[in-house]
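Next come the chains, spelled out residue by residue.
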Amino acid sequence: MNHRTKLLLLAMIFFGPPLVAYYLFWFAPLHRYSNYGELLPVSAVPQSPLIGVGGALVSPQVWAGKWVLVVAGNATCDERCRNSLVLIRQLRLTQGREMGRIKRLWLVRNDISKVDNRLLESHPDLIVASMSTEWARVLGTEVPFERHVFLVDPRGNLMMRFPENPEPKRMMKDLQRLLYANKAA
């Protein structure tokens, strides 16, 4: 190798990575690297106890320090509600060893005594509670919240809303990334 070739090789070693990083930052399509769920402005979820099935109090300590998948709906639970409950159950199960870090919460908008017991039996470990006005305010009113699955982080902040009729695989990837990043932090 002559001196000119060595100089070019050294220049490529030193200037190559920053040039590649610059190119990727400004010109690579970013949609491949983004999350599927919509990130929401940070808002703390209420820490007051909720009324559960049978009038028992449900303390927020039940899900403290866990990721919480939240579904809101009526006690009669139409097909959309049932699909959402099955979806969050399956999302939790797909996380394997990490599923213990995830809780599921169904917030019932109206009379909680009308919840079907057969539905509850098909969803073990599902936390069912009557929705408070504080929870309704946090979930938002600009979009009907029955159409979405929400995610609460371990610190008790509502952080993400998944779109209506979500793609389960993309939701699973978001959840995997969050669990991995939270474990590494």
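Up top you'll find the structure we're talking about.
The present account deals with the structure reproduced in this document. (Residues numbered from 1 in each chain as written. Predicted model: local features only at pLDDT ≥ 70, side-chain atom pairs only at ≥ 80, totals over all residues. Heavy atoms only, no water.)

## Description of the overall build of the protein
Next, step 1: Of regular secondary structure, the protein possesses five helices and eight strands.
Next, step 2: Secondary structure elements in the protein, listed N-terminal to C-terminal, are α-β-β-β-β-α-β-α-β-α-β-β-α.
Next, step 3: Against the compact-globule benchmark of 16 Å for 185 residues, the protein has a radius of gyration of 22 Å, which places it well outside the compact range.
Next, step 4: Relative to its 185 residues, the protein shows a buried fraction of 37%. (Helix = DSSP H or I, 4+ residues; strand = E, 2+ residues; numbered from the N terminus. Rg over C-alpha atoms; globule rule 2.2 N^0.38 Å. Buried < 20%, exposed > 50% of the residue type's maximum accessible area, 1.4 Å probe, protein only.)

## What to know about a nonpolar patch on the surface
Next, step 1: Judged by side-chain polarity, M1, L9, L10, M12, I13, F14, F15 and L19 come together as a nonpolar surface patch covering roughly 950 Å² of accessible area.
Next, step 2: Turning to its location among the elements, L19 is positioned in helix α1 (residues 3-27).
Next, step 3: The exposure class assigned to L19 is exposed, which follows from its relative accessible area of 59%. (Patch = residues over 30% accessible without salt bridge, like charges linked within 9 Å, V, L, I, M, F, W, Y side chains within 5 Å. Areas by Shrake-Rupley, 256 points an atom, 1.4 Å probe, with all protein chains shown as cover. Salt bridge = Lys/Arg side-chain N within 4 Å of Asp/Glu carboxyl O.)

## What about the side chain of H148?
Next, step 1: Tracing the backbone through its elements, the reader meets H148 in the loop between α4 (133-139) and β7 (149-152).
Next, step 2: H148 sits in the buried class, given a relative accessible area of 8%.
Next, step 3: Side-chain polar atoms of H148 contact the backbone oxygen of F162, separated by 2.7 Å. (Polar contact = N/O pair within 3.5 Å; in protein donor to acceptor, adjacent residues only side chain to side chain.)

## Looking at the packing of aromatic side chains
Next, step 1: Under the defined criterion, the tally for this structure stands at five aromatic pairs.
Next, step 2: Summarising the aromatic geometry, the rings of Y22 and W26 are spaced 6.4 Å apart at their centres and angled 50° between planes, so their arrangement reads as tilted. Within this pair, Y22 and its partner W26 are both found in helix α1, separated by four residues, close to a single helical turn.
Next, step 3: Taken together, the ring pairs in this structure connect Y22, F25 and W26 into an aromatic cluster. (Phe/Tyr/Trp six-rings, centres within 6.5 Å; stacked < 30°, edge-to-face > 60°.)

## A few points about the nonpolar core
Next, step 1: In this structure, L69, L85, W106, V149 and L151 are the most contacted members of the largest nonpolar core, which totals 28 residues.
Next, step 2: Elements with a contribution of two residues or more to this core: β4 (67-73), α2 (79-93), β5 (102-108), β6 (126-130), β7, β8 (157-161) and α5 (168-184).
Next, step 3: Ranked by residue count, the leading element in this core is α2, at five residues.
Next, step 4: Listed in part, the 20 residues of the second largest apolar core include L139, F145, V152 and L158. (Core = buried A, V, L, I, M, F, W, Y, C linked by side-chain atoms within 4.5 Å.)

## Quick look at the sheet that holds β6
Within a sheet, neighbouring strands are paired by backbone hydrogen bonds and run either parallel or antiparallel to one another.
Next, step 1: Read from one edge to the other, the open sheet built from six strands follows the order β1-β8-β7-β4-β5-β6, with strand pairing classed as mixed. In this open sheet, the two edge strands, each paired with only one partner strand, are β1 (38-44) and β6. Going from strand to strand, the sheet's axes swing by 25° on average, the running direction of each strand aside.
Next, step 2: One ladder, built from four bridges, connects β1 with β8; its direction is antiparallel. The partner of A44 across the bridge, within β8, is N157.
Next, step 3: Across the sheet, α2 lies against β4, β5, β6 and β7, angled at about 165° from β5, the strand it touches most. (Pairing = 2+ DSSP bridges. Axes fitted to C-alpha atoms, helices over the stretch in contact; angles between N-to-C directions. Contact = heavy atoms within 4.5 Å.)

## A look at the pattern of salt bridges
Next, step 1: Summed over the entire model, instances satisfying the criterion amount to nine salt bridges.
Next, step 2: Here K183 and E98 are joined by a salt bridge, their closest N and O atoms 2.9 Å apart. You can see K183 sitting in helix α5 and its partner E98 sitting in the loop between α2 and β5, a full 85 residues away along the chain.
Next, step 3: Here K183 falls in the exposed class, since its relative accessible area comes to 52%.
Next, step 4: In this structure, R147 engages E164 in a salt bridge whose closest nitrogen and oxygen atoms are separated by 3.9 Å. Within this pair, whereas R147 is found in the loop between α4 and β7, its partner E164 is found in the loop between β8 and α5, the two being separated by 17 residues in sequence.
Next, step 5: For R147, a relative accessible area of 37% corresponds to the partly exposed category.
Next, step 6: With relative accessibility at 33%, the residue E164 sits in the partly exposed group.
Next, step 7: Taken together, the shared-partner salt bridges in this structure form one network comprising R80, R147 and E164.

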